[in-house]
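Overview (structure and organization)
Spelled out from the first residue to the last, the chains are:
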Amino acid sequence: MAIKTIIEPFKIKTIEPLRMTTRGQREEILKRAGYNLFNVRAEEVLIDLLTDSGTSAMSAKQWAGLLDGDEAYAGARSFYRFEKVVRDLTGFTHIIPTHQGRAAEKILFTILGGAGKIIPNNTHFDTTRANIEVSGAQAADLPVKEALIPSLVKDFKGNMDITALERLLKQRGREQVPLVMMTVTNNSCAGQPVSMGCIRRVSELCRSYKIPFFIDACRFAENAWFIKMREPGCKGRSVKELAQEMFSYADGCTMSGKKDGLVNIGGFLAMNEDELARKARNILIVTEGFPTYGGLAGRDLEAFAQGLEEVVDEDYLKYRMRSTAYVVEKLDAMGVPVFKPAAGHAVFLDANAFLPHIPPQQFPGHALACALYLEGGIRSCEIGSVMFGRTDTETGEFQPAMLELLRLAIPRRVYTQSHMDYVVECVREVFTKRDAIRGVRIVQEPPLLRHFTATFEPL
């Protein structure tokens, strides 16, 4: 009889204690934080599912790399190792390190963005959208219609609407569309993967219009795993081979290594075009550092290179995907409204269906996040109208987000199955008390990325 239990393909050599708190303590903590979980101290959180960005546990080989890092200002050995690994994976000519993904975005859109431009994506995530808008350009989301139905079980709900993209390119042309982006996996649409077929078709369309095609590659390995598992003809191929094919259709990419790089800091911008790379390096020197370190220490580049090699390990990816699917299946069986099918990096709760009595302008996803923290000390992140909703400055009309979700982002190689069982139990308890949960209103907010620093109060 085959063993069905999928275990963590590693053993734990270092531990960090977790602090237990009472509900009364958490009520005071949340009030002091302005009902924004970003303002809660990490030591006051029991299970931290705020983000999977920069929260991974590094391997013994990565820690060894920290000691072996070459800290030379220019031409460090660690950079050349990093460059070799990234070039082997992506195939791109120019590899430009940055301190994290949003720095790569800032450089790219400083060059290619600007007033009158529009940049389409399957769905832009928060910092990508902000960096586009800061440049004066418009960020356009073109998800497939299936992505907006949380209960629908269908492969590759992260795909881009090809018909809508072609229509946009015909209407706006090369002068107004400086590049097309593709986010893999599609975080704003519940972490759903993008098919190889969709990536290929977007690439072909971009090349027919002579428009650069860039991939937001922060979860490239998880996306390649879904392609291997779900796309016809891919099961016999390795995840690394599939990732290499994904990148082969693009002209460049941005990446936050804090996700599938398995590191706590780091990112890169990569491309083939010489002139674009020259401009990018000029900005890099002003804002990040010399081109062979880009705002990172040599030790960070060593750990990053090692992480990119480890992340395509299929035993690791099998465990990673199964951990997330386990939680989704448990909650779904209890009747909790979850986004289906299971994503790779996070569990997404459908806040609209969970709290149907709370309208979007009272932020059901954020209210649910607060309730889950109060119940069990679990920190999570709203992906809804706090993050993406807007009030029209001319009409005063509230424009809600496409989806009202609560994301439980699972750090890589950090929590065990018993931690996930605790999360399931806490969500179930909140679900039984859902009718008593009330919405929130914003007390203070910044002009951009308000979910990070806004303060709230319960209604």
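This report concerns the structure included in the present document. Given the structure is predicted, the values throughout are model-derived calculations rather than measurements. (Residues numbered from 1 in each chain as written. Predicted model: local features only at pLDDT ≥ 70, side-chain atom pairs only at ≥ 80, totals over all residues. Heavy atoms only, no water.)

**Re the overall build of the chain**
Test applied: Helix and strand definitions here come from DSSP, where helices need a minimum of 4 consecutive H or I residues and strands a minimum of 2 consecutive E residues; each element is numbered from the N-terminal end. Atoms counted for the radius of gyration: C-alpha only. Globule rule: 2.2 Å times the number of residues to the power 0.38. Working definition: with a 1.4 Å probe on protein chains only, accessible area under 20% of the residue-type maximum means buried, over 50% means exposed, and in between means partly exposed.
Helix and strand content of the chain: 16 helices and 16 strands. A compact globule built from 459 residues would reach a C-alpha radius of gyration of about 23 Å, and the chain, at 21 Å, matches this within 12%. Projected onto its principal axes, the C-alpha coordinates of the chain cover approximately 60 × 55 × 45 Å. A burial count over the chain gives 59% of its 459 residues as buried.

**A closer look at the packing of aromatic side chains**
Here is the rule: Note on ring pairs: Phe, Tyr and Trp rings are taken, using the six-membered ring of Trp, and paired if centres are within 6.5 Å. Classes follow the plane angle, with under 30 degrees stacked, over 60 edge-to-face and the rest tilted. Both a distance and an angle decide whether a charge sits over a ring: NZ of Lys or CZ of Arg must be within 6 Å of the ring centre and within 35 degrees of the ring normal.
Inspection of the entire model under this criterion finds 14 aromatic pairs. Note on Phe38 and Phe452: the rings are 5.0 Å apart at their centroids and 80 degrees apart in plane angle, and the pair reads as edge-to-face. Here the residue Phe38 occupies a position in the loop between helix H1 (23-32) and strand E1 (47-48), and Phe452 occupies one in helix H16 (residues 450-453), the gap between them amounting to 414 residues. A relative accessible area of 27% places Phe38 in the partly exposed class. On the basis of relative accessibility, which here comes to 23%, the residue Phe452 falls in the partly exposed class. Between Phe82 and Phe268, the aromatic rings sit 6.0 Å apart at their centres with planes inclined by 70 degrees, giving edge-to-face as the arrangement. With a gap of 186 residues between them, Phe82 in helix H3 (residues 77-90) and Phe268 in strand E8 (residues 267-271) connect regions that are remote in the sequence. Accessibility classification places Phe82 together with Phe268 in one group, the buried group. Here the guanidinium or amino end of Arg434 rests over the ring plane of Phe431, the centre of that ring lying 3.8 Å away.

**Notes on the nonpolar core**
Proteins that are soluble and globular tend to have nonpolar side chains buried together. Short version of the rule: Residues belong to one nonpolar core when they are buried, are Ala, Val, Leu, Ile, Met, Phe, Trp, Tyr or Cys, and are joined through side-chain atoms within 4.5 Å. Any two residues whose heavy atoms approach within 4.5 Å are treated as being in contact.
By size, the foremost hydrophobic cluster in this structure holds 66 residues, and its most contacted members are Phe82, Val180, Val202, Phe213, Phe220, Phe268 and Leu308. Val180 has contacts with Pro120, Met160, Leu165, Leu169, Val202, Cys206, Ile211, Pro212, Phe213 and Phe214, leaving out every residue within four places of it along the chain.

**Section: the environment of Glu71**
Where we set the bar: Polar contacts, as used here, are pairs of N or O atoms within 3.5 Å; protein pairs need one atom able to donate a hydrogen and one able to accept it. Residues neighboring in sequence count only if both atoms are side-chain atoms.
Mapped onto the fold, Glu71 is located in the loop between helix H2 (60-68) and H3. Glu71 sits 225 residues away from Leu296 along the chain, and the two C-alpha atoms are 9.5 Å apart. When near neighbours in sequence (up to four residues on either side) are disregarded, Glu71 contacts Ala297, Gly298 and Arg299. Within the local environment of Glu71, its side chain forms a polar contact with the backbone nitrogen of Gly298, the two atoms lying 2.7 Å apart.

**A closer look at the environment of Leu296**
Position of Leu296 among the secondary structure elements: in the loop between helix H10 (274-287) and helix H11 (298-310). Linking Leu296 and Phe79, residues 217 residues apart in sequence, is a C-alpha distance of 9.7 Å. Setting aside residues up to four positions removed in sequence, Leu296 forms contacts with Thr98, His99, Ile265, Gly266, Gly267 and Leu301.

**Description of the pattern of salt bridges**
Note the cut-off: The term salt bridge refers to a side-chain nitrogen of Lys or Arg lying within 4 Å of a carboxyl oxygen of Asp or Glu.
Going through the model one piece at a time under the given rule, you end up with 32 salt bridges. For Arg299, the salt bridge goes to Glu71, with nearest N and O atoms at 3.6 Å. Of this pair, Arg299 sits in helix H11 while Glu71 sits in the loop between H2 and H3, and the two are 228 residues apart along the sequence. According to the relative accessible area criterion, Glu71 is partly exposed, its value standing at 42%. Residues participating in the shared-partner salt-bridge network are Asp52, Arg219, Glu222, Asp260, Arg320 and Arg412.

**Focus on the sheet that holds strand E9 (residues 346-350)**
Rules: By definition, two strands form a pair when at least two bridges between them are found by DSSP. Note on geometry: axes are lines fitted to C-alpha atoms, helical ones only across the stretch in contact, with angles between N-to-C directions running from 0 to 180 degrees.
Taken together, three strands build an open sheet; the order of strands is E9-E14-E11 and the sheet is antiparallel. Strands at the two margins of the open sheet, each flanked by one partner only, are E9 and strand E11 (381-383). Each adjacent strand pair in this sheet contributes to an overall mean axis angle of 30 degrees, direction not counted. Across five bridges, the pairing between E9 and strand E14 (residues 405-409) is antiparallel. Among the inter-strand pairings, Phe348 is bridged to a residue of E14, identified as Arg407. Sheet strands in contact with helix H14 (residues 364-376) are E9, E11 and E14, and its direction is about 45 degrees off that of E14.

**Describing the pairing of strand E4 (residues 138-141)**
We count it as follows: With the strands aimed away from the viewer, a crossover counts as right-handed if its path from the first strand over the helix to the second runs clockwise.
Across four bridges, strand E3 (residues 118-121) lies against E4 in parallel orientation. The residue bridging Ile119 from the neighbouring strand is Ala139, located in E4. Viewed along the sheet, the connection from E3 through helix H5 (residues 126-134) into E4 turns out right-handed.

**Some remarks on the packing of H2 against H11**
Definition in use: Angle categories are assigned with fixed cut-offs, so that under 35 degrees is roughly parallel, over 145 is roughly antiparallel, 65 to 115 is roughly perpendicular, and the rest are oblique. Helix crossings get a hand from a simple test, with the near helix turned counterclockwise from the far one by less than a right angle marking a left-handed crossing and a clockwise turn marking a right-handed one. The residue classification treats Ala, Val, Leu, Ile, Met, Phe, Trp, Tyr, Cys and Pro as nonpolar and Asp, Glu, Lys and Arg as charged. All others, Gly included, are polar.
Put simply, H2 and H11 touch, their axes get as near as 7 Å, and they point 155 degrees apart. Relative to H11, the element H2 lies roughly antiparallel. For H2 against H11, the interelement crossing comes out right-handed. In this structure, H2 uses Lys61, Gln62, Gly65, Leu66 and Asp68 to contact H11, whose residues at the interface are Arg299, Glu302, Ala303, Gln306, Gly307 and Glu310. Considered class by class, the residues forming the contact of H2 with H11 number two nonpolar, four polar and five charged.

**A look at unusual backbone geometry**
Each neighbour pair has its own omega, and for Val184 with Thr185 the value is -10 degrees, a cis peptide bond. By secondary structure assignment, the location of Thr185 is in the loop between strand E5 (180-183) and helix H7 (196-208). The amide bond that connects Lys340 to the next residue, Pro341, takes the cis arrangement and shows omega of -5 degrees. The residue Pro341 is located in the loop between helix H12 (314-333) and E9 in this model. One non-glycine residue with positive phi stands out, namely Leu262, at about 60 degrees. Locating Leu262 in the fold gives a position in the loop between strand E7 (252-256) and E8.

**Focus: the side chain of Arg412**
Inspection of the secondary structure assignment puts Arg412 in the loop between E14 and helix H15 (417-432). Looking at Arg412, its side chain comes within polar contact range of the side chain of Glu222, at 3.2 Å. Within the local environment of Arg412, its side chain forms a polar contact with the side chain of Asp260, the two groups lying 3.2 Å apart. Beyond its immediate chain neighbours, meaning those up to four positions away, Arg412 contacts Asp52, Ser56, Ala57, Arg219, Glu222, Lys258, Lys259, Asp260, Leu262, Tyr316, Arg320 and His345.

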